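The residues making up each chain are set out below.
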Amino acid sequence: METVRCSLCGADDTEGIFEEKDRLHGTEGTFNLVKCHQCGLIYLNPRPTIEEMTRYYPEDYSPYQYLGEHPSWFVRWGYIYGQKKLYHAVVTRVNIKTGRILDIGCSTGGFLAGMREWGGWETYGVEINPYAAKYAREHLGLNVTVGELFDAHYPNATFDVVTLWNVLEHLHQPIATLSEIGRIIQPGGLLVLTVPNIDSVEAKIFGRYWAGLDAPRHLYLYSRNVIKKILDSTGFELVEVASFTGRYSVLSMSLGFWIDEKVTNLNTKTFLKRCVNSFLPRLLTLPYYFVADRLNQSSVMTVFARRREVNHEISI
């Protein structure tokens with residue numbers, strides 16, 4: 001474990017938010033979430049080092065699974081539908097028909113495969129997990145570098161679009177990563193990143209049981225105001241914040257974490273979880289998400305930003 005200062009403003013002036021545990025995989029240990037009094041950034045402190053993080057990402061970690069070839073047609077359909085949503089989110093906001101795109105934390109490469117197949121984009125990926133990267137390269141024929149973004153050594157202004165789908169909250173160096181993206185993206189290029197929304201209704205309702213906390217994998221938690229500060233400091237201009245991913249999956253996980261801790265009877269626990277994951281509650285929450293998405297109050301927010309065209313002094 002390592003003790004850190006605020007990566008946004010450098011201050012060491014925090015208040016405790018939650019003492020959390022690994023609710024998703026049940027690994028041992030407790031983890032302290034703190035909030036910086038100076039800039040509002042919420043982060044894990046102390047936190048696992050990069051070397052220690054591998055134990056918190058087991059082989060069955062869901063983002064490392066490629067579901068495009070799942071035996072169930074319904075699972076395959078849901079996966080492809082989700083990838084098409086991401087594809088359309090990019091192509092409807094970028095100002096070119098096709099170009100060069102980099103996906104950081106690309107996992108097994110489903111999104112990049114879609115960008116190549118549906119839009120003819122020239123695709124590149126970076127993935128820290130060697131097994132997920134190997135799948136992307138060998139099964140989908142993608143150009144994927146194993147490691148962090150800094151290991152790839154891309155030339156200046158290489159990419160028209162850079163995406164980070166549910167990645168920024170996992171990074172030990174989020175500010176430095178965005179600064180590096182600012183170097184390798186074209187002036188005016190599109191940056192797309194998806195992060196849990198700490199200001200969401202569900203975060204407030206569920207508190208320590210909110211799935212968006214996901215300690216210790218989520219090292220940072222962002223509000224819209226904090227994201228804007230980070231983008232400003234790394235040479236990007238915030239263009240839009242939208243909500244269209246996560247939705248019921250985050251809600252059902254949060255309810256599941258609450259049930260795990262509050263309900264002691266195993267049969268009752270199993271019954272309640274079955275109810276939570278059934279079709280009816282998904283249907284009943286559609287009106288809520290229709291409103292919450294439009295007010296950007298869902299659990300996950302997608303941020304669209306552009307690299308400033310003028311020279312910008314980066315402050316870290």
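Just so it is clear, the structure is predicted and the values come from calculations on it, not from any experiment. (Residues numbered from 1 in each chain as written. Predicted model: local features only at pLDDT ≥ 70, side-chain atom pairs only at ≥ 80, totals over all residues. Heavy atoms only, no water.)

**Q** Even after reading the chapter, I still don't get the packing of aromatic side chains, so can you show me in this structure?
**A** Where two aromatic rings form a pair, the distance of their centres and the angle of their planes describe that pair. Applying the stated criterion to the full structure yields 10 aromatic pairs. Relative to Tyr-56, the ring of Phe-31 has its centre 5.8 Å away and its plane inclined at 85°; by these criteria the two rings are edge-to-face. Placement of Phe-31 in strand β2 (residues 30–36) and of Tyr-56 in the loop between β3 (42–44) and α1 (73–91) is noted, with a sequence separation of 25 residues between them. Assessed through its relative accessible area of 2%, Phe-31 is described here as buried. Lying across the ring of Phe-304, Arg-93 places its NZ or CZ 4.1 Å from the centre. For Arg-307, the ring lying beneath its charged end belongs to Phe-236, and the centroid distance is 5.8 Å. (Phe/Tyr/Trp six-rings, centres within 6.5 Å; stacked < 30°, edge-to-face > 60°. Helix = DSSP H or I, 4+ residues; strand = E, 2+ residues; numbered from the N terminus. Buried < 20%, exposed > 50% of the residue type's maximum accessible area, 1.4 Å probe, protein only. Lys NZ or Arg CZ within 6 Å of the ring centre and 35° of its normal.)

**Q** Help me understand the state of the cysteines, please; the structure alone is not making it clear to me.
**A** Here is the idea: a disulfide is a covalent bond, and it sits between the sulfur atoms of two cysteines. As enumerated under the stated definition, the model contains zero disulfides in all. Distance from the sulfur of Cys-9, which forms no disulfide, to the nearest cysteine sulfur (Cys-36) is 3.5 Å. Looking at Cys-9, the relative accessible area reads 38%, which means it is partly exposed. The closest cysteine sulfur to the non-disulfide-bonded Cys-39 is located on Cys-6, 3.4 Å from its own sulfur. When its relative accessible area of 10% is taken as the criterion, Cys-39 is described as buried. (Disulfide = S-S within 2.5 Å.)

None of the figures reported here should be taken as evidence of function without further support.
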